[in-house]
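Chain and residue survey
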Amino acid sequence: MKINITYRLFLSILGATCLSLICVFLIMHWSINRGFLEHLNAMEEGKLKLLTGNLEAAYAENGSWDFLRDNPKLWIKRLLDARLDDIVSKNLQGQDRTGEIPAIPPKPSVNRTKSPFVILDAERKPLFGNPSEATEINFKPILHNNETVGYIGLLPPKQFLHPRQEEFLKQQTSALIFAVFGILIVVVIFSFPLAKRLLKPINTIAAATHDLASGKYTVRVPVSSSDELGQLARDFNAMALTLEKNEKARRQWVADISHELRTPLAVLRGEIEALLEGIRSTAPEAIRSLNAEVLRLHRLVEDLYQLALSDLGSLNYHKEDIVLSDVIMDSIEPYREEFIRQDIKFTTDIPQGLKLIVHADRERLHQLFGNLIDNSLKYTDSGGEFAVRLKFQNNQAKIIIEDSAPDVTKEELGRLFDRLYRVEGSRSRLTGGGGLGLAICKNIVEAHEGEISAHPSLLGGLLIKIILPAIKRSS
């Protein structure tokens, strides 16, 4: 049977309250009984001291315990209610010469069903009370002329409770029971609405999560507090916003890929149909045009494949310790003639003897620098400048690649590494590629635990800064 979380929280609160109330009841009941009995015992101990002194005085006057055996209850009552000098002067001295105990006027009966005191003679025979009623009695000696003439002890408090005292303890127990049930009723009345109120934000988030799982990425939940539930609501909204952005990016990604693939395919189809219909002859120029479109399509598919492998973590990296400056110069060398052909001034600032060792994949670094150099060649006007600088700082190698005009606006700098993004709005293939080169560069740098960023260049164009962990080796 499935129990709603609201009821489970309610039952948890109720169960915890019941256990707490039971513990409180037992502790209070034990404390009241113990405290009350200790109070009674302390009172009777005081009476015990008074009675012991009076019994010693009475025995000294009578010379025996006969007076106590003849009328024990009245004597005990008198010995407790009177001071020692009153007993000696008024009661003991009033005996006749035969030693008989004078008549004692009747007094109100003792205010308990039994006396707490037990008195024994010197031979431990009972004079007053029943010692067999209790197993633990601490007897104290009654002395006369430094000799023990008897013993007196006090029963445990539980064995001489007055009915009124027992009724008092029962009333306290009943009051505790009523208090426990009263608190329990209050908890039952308020805990269920409290459980519903506490779980209301969770239920809202649960419903929103269900909508989110169904593909409704625009769903949001209200943030009504600053506690953990409020933080959960904020995190949920952030997650929903991220999913919404990712969904939009995915749709844009599919649309861009379709656009990138459709254009070269349309060109190929048009030219092939022209050849088939005889509109164009199978001249070398036509074949070269077809081959250029096929190569462009091949590069786009290869870039998509490389990017997909990088995202899946399946892109192979064979890392080893290599000299970074050698990789940079080897990557630049194939483009020297192209720089000369486009009349672009080419400069490098790589200090001689600076050997920075990086743990990297040589081929992937070639791909990284090749993409960046190719990008600069496409976006640098004829007669411009291109520069590469390398320096070492804080155990890091910093590679600066910059070119001259045209430049990139600040708004576009942050999107340069987005997939299928190109600066020119026309998406022309005369100057731009598929818009995947810089995205691949970013993945390669991050795979080497580095950073890549774009900035305005002092030369008037774009500056790409790459930071890689490195070790400087002396030459």
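Report on the accompanying structure. Here the structure is a predicted model, which is why all the values come from computation and not from measurement.

Here is what the cut-offs are and how they apply
Residues numbered from 1 in each chain as written. Predicted model: local features only at pLDDT ≥ 70, side-chain atom pairs only at ≥ 80, totals over all residues. Heavy atoms only, no water. Buried < 20%, exposed > 50% of the residue type's maximum accessible area, 1.4 Å probe, protein only. Helix = DSSP H or I, 4+ residues; strand = E, 2+ residues; numbered from the N terminus. Axes fitted to C-alpha atoms, helices over the stretch in contact; angles between N-to-C directions. Left-handed = near helix turned anticlockwise from the far one by under 90°. Contact = heavy atoms within 4.5 Å. Nonpolar A, V, L, I, M, F, W, Y, C, P; charged D, E, K, R; others polar. Pairing = 2+ DSSP bridges. Salt bridge = Lys/Arg side-chain N within 4 Å of Asp/Glu carboxyl O.

**Quick notes on helix H12 (residues 437-447)**
In an α-helix, one turn spans 3.6 residues, which is why side chains three or four residues apart end up on the same side. Among all positions in H12, only Leu 438, Ala 439, Ile 440, Cys 441, Asn 443, Ile 444 and Val 445 are buried. Backbone geometry just after H12 places Glu 449 at a positive phi near 60 degrees.

**Notes on the packing of helix H10 (residues 362-379) against H12**
The geometry of H10 relative to H12 is characterised by a closest axis approach of 9 Å and an angle of 145 degrees between their N-to-C directions. Here the hand of the crossing between H10 and H12 comes out left-handed. Seen from H10, the contacting residues are Arg 364, Gln 367, Leu 368, Asn 371 and Leu 372; seen from H12, they are Gly 437, Leu 438, Ile 440, Cys 441, Ile 444 and Val 445. A class-by-class count of the residues in the contact of H10 with H12 yields 7 nonpolar, 3 polar and 1 charged.

**Points about the pairing of strand E4 (residues 147-154)**
Across the 8 residues of E4, 6 count as buried, placing the element largely inside the fold. Inspection of the sheet shows strand E1 (residues 117-121) paired to E4 by 5 bridges, in the antiparallel sense. If you follow Phe 117 over to E4, its bridge partner there is Leu 154. Of the pairings in the sheet, the one linking strand E3 (residues 140-144) to E4 comprises 5 bridges and is antiparallel in character. If you follow Lys 140 over to E4, its bridge partner there is Ile 152. Hairpin geometry of E3 and E4 is characterised by an intervening segment of 2 residues between the two adjacent antiparallel strands and by a positive phi of about 55 degrees at Asn 145.

**With respect to unusual backbone geometry**
The omega angle of the peptide bond from Ala 405 to Pro 406 is 10 degrees, so this bond is cis rather than trans. Among the secondary structure elements, Pro 406 is positioned in the loop between strand E9 (396-404) and helix H11 (410-413). The backbone phi angle of Asn 146 is positive, close to 60 degrees, even though this residue is not glycine. Counting through the fold element by element, Asn 146 comes out in the loop between E3 and E4. Note on Asn 146: relative accessible area 78%, which makes it exposed. Even without being glycine, Asn 395 reaches a positive phi, approximately 60 degrees.

**Quick look at the pattern of salt bridges**
Evaluated as defined, the whole model comprises 9 salt bridges. Here Arg 269 ties to Glu 273 by a salt bridge, and the two come within 3.0 Å at their closest N and O atoms. One end of the pair is Arg 269 and the other is Glu 273, both in helix H6 (residues 228-276) and 4 residues apart, which spans about a single turn. A salt bridge links Arg 341 to Glu 338, with the nearest nitrogen and oxygen atoms 2.4 Å apart. Here Arg 341 pairs with Glu 338, and both are found in helix H9 (residues 336-341), just 3 residues apart, close to one helical turn. What you see here is one network of salt bridges that share partners, running through Arg 220, Glu 244 and Lys 248.

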